[in-house]
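Notes for the structure review
Next come the chains, spelled out residue by residue.
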Amino acid sequence: MAREIVLDTETTGFDPLTGDRLVELAALEIESFVPTGRSFHVYIDPLRDMPAEAEKVHGLSSAFLRGKPRFDSAEVVDAFLEFVGDAPIIAHNAAFDRAFVNWELANCGRAEIHEAQWIDTLALAKNRFPGMHNSLDALCKRFKISLSEREKHGALIDAKLLAAVYLELKGGRERRLELSAETTSTSVSMTVRVDYGPRPRALAPRSTEAERARHAAFIRDKVKGEALWAPFGLEGLIEAEEKAA
C-alpha cells in the first residue's frame, strides 16, 4: 500500500533566512489515501520572541512555547525523521514548509529532505482550478469540508484538513467508492456444464408402426424424384425416425 505523510507547520514568520523559526510541526500518515490514525505532533521552542502578527494567526505565544523541546532535540528531529522515513510528504505551498524544515535539519547537521520527496497540493489545485482562489480555506469550502474545528491556524488541524483536501484532489468521491468496492465481498457466477451418459433404458418411440409406414408411403409417393431419401430406403427411414424419437 502507498504510504504518504501529510504535513503542516506554524512559524514565527515567512523566511528562515531572516531569523524566523518553526514553532509547531504536525504530520499525519495515510495509506492509499486513507488516514491510518498515526500522527506526529510537537510544539517547538524557537528560542526567540513571537511577533504579534504571527501570534494573531496561530495563537502561539512566546510564554506558551518557552521550555518546549528544541528542534535539535532527539524527541523532535529524530522522532520526526523516523516517522516520515522515505514516504512522499504532502504540503500546501510545499516550498514554504520545506524551507523551514530543511533549515532546521541543516542547522542540526542532518540531511535535508530533497524537493523530489515533496508533493505540493497548491500546485495540484492550481492545475485543477486555474485562475481560482486555491488557499486551504478556499479548497475546504469548495469541497464542502467543515472548518468548524478551526478557530485559528494550527499545524495539526490544518494537516487534517489538508488530508481531506488531498483526497478530493486525487479523486474524491470516486476514489472513496473504489476503496469501498475493494472492501466489499463480490459474488461470482459460474456456468456448470453437465454431460449426461446414455440412458439405462431407451425411450419407446412415440409413433406407432402404422404411422411410420404411412409416413414412408407419403415420402415415396408424394415427394417424387427426391434423391435425399434414397440412401435410407424405407427401413432406413423408419430407423432414423425411431432414433429421433
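Rules behind the numbers
Residues numbered from 1 in each chain as written. Predicted model: local features only at pLDDT ≥ 70, side-chain atom pairs only at ≥ 80, totals over all residues. Heavy atoms only, no water. Buried < 20%, exposed > 50% of the residue type's maximum accessible area, 1.4 Å probe, protein only. Helix = DSSP H or I, 4+ residues; strand = E, 2+ residues; numbered from the N terminus. Arc of directions from axis to C-beta. Contact = heavy atoms within 4.5 Å. Polar contact = N/O pair within 3.5 Å; in protein donor to acceptor, adjacent residues only side chain to side chain. Phe/Tyr/Trp six-rings, centres within 6.5 Å; stacked < 30°, edge-to-face > 60°. Lys NZ or Arg CZ within 6 Å of the ring centre and 35° of its normal. Pairing = 2+ DSSP bridges. pLDDT = per-residue confidence, 0-100. Axes fitted to C-alpha atoms, helices over the stretch in contact; angles between N-to-C directions. Salt bridge = Lys/Arg side-chain N within 4 Å of Asp/Glu carboxyl O. Core = buried A, V, L, I, M, F, W, Y, C linked by side-chain atoms within 4.5 Å. Expected span 1.5 Å × (residues − 1).

All buried positions along helix α5 (residues 121–128) are accounted for by Thr121, Leu122 and Ala125. An end-on view of α5 places all buried positions within 105 degrees of arc, on one side of the element. Lining the buried residues of α5 we find β4 (89–91), β5 (118–120), α6 (136–142) and α7 (155–169). The N-terminus of α5 is capped by Asp120, whose side-chain oxygen sits 3.0 Å from the backbone nitrogen of Leu122.

This paragraph deals with the packing of aromatic side chains. This structure, assessed with the given rule, holds six aromatic pairs. Here Arg3 stacks its cationic end above the ring of Phe83, 5.7 Å away from the centre of that ring. A cation over an aromatic ring shows up here: Lys68 above the ring of Phe64, its NZ or CZ 4.2 Å from the ring centre.

As defined by bridge partners, strand β2 (residues 22–31) adjoins strand β3 (residues 34–43) across seven bridges and the pair is classed as antiparallel. Looking at the pairing, Ala26 lines up with His41 of β3. Here β2 hands over to β3 after two residues, with Ser32 in that stretch at a positive phi of 50 degrees.

In this model, the chain carries an average pLDDT of 84, and 77% of its residues clear a pLDDT of 70 or more. Low pLDDT, under 50, characterises residues 179–196; the predicted model gives this stretch two contacts beyond four residues in sequence or across chains.

Quick look at the sheet that holds β2 now. Consider a sheet: its strands pair through backbone hydrogen bonds, and that pairing is either parallel or antiparallel. Sheet architecture is open: five strands sit in the order β3-β2-β1-β4-β5, paired in mixed fashion. Two strands close off the open sheet at either side, each with one partner strand: β3 and β5. When strand polarity is set aside, the average angle formed by the axes of neighbouring strands in this sheet is 25 degrees. Across nine bridges, strand β1 (residues 3–11) lies against β2 in antiparallel orientation. Note that in β2 the partner of Asp8 across the bridge is Ala26. On the sheet, α7 packs against β1, β2, β3, β4 and β5 and is oriented at approximately 140 degrees with respect to β1.

This next bit is on the pattern of salt bridges. Tallying each qualifying case throughout the model produces eight salt bridges. A salt bridge links Arg3 to Glu29, with the shortest nitrogen-to-oxygen separation between them at 2.5 Å. Of the two residues, Arg3 sits in strand β1 while Glu29 sits in strand β2, which places them 26 residues apart along the sequence. Using a relative accessible area of 5% as the deciding quantity, one classes Glu29 as buried. Arg38 serves as the salt-bridge partner of Glu29, at 2.9 Å between the closest nitrogen and oxygen. Ionic contacts of the salt-bridge type, sharing partners, join the residues Arg3, Glu29 and Arg38 into one network.

Now for the nonpolar core. By size, the foremost hydrophobic cluster in this structure holds 23 residues, and its most contacted members are Leu25, Phe71, Phe80, Val101 and Trp118. Taken together, the elements giving at least two residues each to this core come down to β1, β2, β3, α3 (74–84), β4 and α4 (94–107). With five residues, α3 is the single largest residue contributor to this core. Beyond its immediate sequence surroundings of up to four residues, Val101 is in contact with Thr9, Leu22, Leu25, Phe80, Ile113 and Trp118.

A few words on α7. Between its first and last C-alpha, α7 extends 20 Å over 15 residues, near the 21 Å set by a 1.5 Å rise per residue. Along α7, the residues classified as buried are Ala155, Ile157, Asp158, Ala159, Leu161, Leu162, Ala163, Val165, Tyr166, Leu167, Glu168 and Leu169. Just downstream of α7 lies Gly171, where phi reads positive at about 145 degrees.

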